[in-house]
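# Remarks on the overall topology
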Amino acid sequence: MTEKLSQAARDAVMEPLLQTGWAYCDDRDAIRKSFVFENFVEAFGWMTKAAIWAEKWNHHPEWSNVYKTVDVTLTTHDVGGLSALDAKLARKMDVLFGEA
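What comes next concerns the included structure. Fair warning: this is a prediction, and the values are worked out from it, not measured in the lab. (Residues numbered from 1 in each chain as written. Predicted model: local features only at pLDDT ≥ 70, side-chain atom pairs only at ≥ 80, totals over all residues. Heavy atoms only, no water.)

### Details of the side chain of aspartate 86
Tracing the backbone shows aspartate 86 in helix H3 (residues 84–99). In this structure, aspartate 86 is buried with no salt-bridge partner, the nearest side chain bearing the opposite charge being arginine 10 at 8.3 Å. Looking at aspartate 86, its side chain comes within polar contact range of the main-chain nitrogen of threonine 75, at 3.1 Å. (Helix = DSSP H or I, 4+ residues; strand = E, 2+ residues; numbered from the N terminus. Buried < 20%, exposed > 50% of the residue type's maximum accessible area, 1.4 Å probe, protein only. Lys, Arg positive; Asp, Glu negative; His and termini not counted. Salt bridge = Lys/Arg side-chain N within 4 Å of Asp/Glu carboxyl O. Polar contact = N/O pair within 3.5 Å; in protein donor to acceptor, adjacent residues only side chain to side chain.)

What follows is the structure, given as structure tokens:
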């Protein structure tokens with residue numbers, strides 16, 4: 001079962017993500033990041049790849065796309081905040097972005 005991250009786990013797991021541009025949301029226990037691509041096709045292609053991983057892990061992002069920018073928010077609704085799944089999906093999104 002997925003559990004909300006303890007403070008110690010949060011510090012260890014989230015610190016590398018904060019270094020890559022992820023940030024805590026001010027209004028809830030979540031992280032967010034904007035990904036900017038060269039054009040709409042690259043942005044949509046990245047979203048498609050990320051969606052496949054999200055579905056595989058049964059952990060779906062809150063996201064929106066306007067032209068070449070994708071805004072992502074990650075939180076685990078079942079636990080009411082951040083979990084290891086959020087960190088896992090954030091890392092995968094960063095890897096996919098590096099491949100775009």
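### With respect to the pattern of salt bridges
As enumerated under the stated definition, the model contains 4 salt bridges in all. In this structure, arginine 10 engages aspartate 29 in a salt bridge whose closest nitrogen and oxygen atoms are separated by 2.7 Å. In this pair, arginine 10 is assigned in helix H1 (residues 7–19) and aspartate 29 in the loop between strand S1 (23–24) and strand S2 (31–36), connecting sequence segments 19 residues apart. A salt bridge links lysine 33 to aspartate 94; its shortest N-O distance comes to 2.7 Å. One end of the pair, lysine 33, is in strand S2; the other, aspartate 94, is in helix H3, with 61 residues separating them in the sequence. The same class applies to lysine 33 and to aspartate 94, which are both buried. What emerges from the salt-bridge pattern is a single network uniting Lys4, Arg10 and Asp29.

### A word on the nonpolar core
In terms of nonpolar packing, the biggest core is built from 22 residues, with Trp22, Ile31, Trp46, Val72 and Met93 touching the most fellow members. Elements that contribute at least two residues to this core include exactly H1, S2, helix H2 (40–56), strand S4 (69–74) and H3. Those residues in contact with isoleucine 31 that sit more than four places away from it in its chain are Met14, Leu17, Trp22, Ala23, Tyr24, Cys25, Val72, Thr73, Leu74, Leu82 and Ala90. (Core = buried A, V, L, I, M, F, W, Y, C linked by side-chain atoms within 4.5 Å. Contact = heavy atoms within 4.5 Å.)

Structural measurements only, silent on function.
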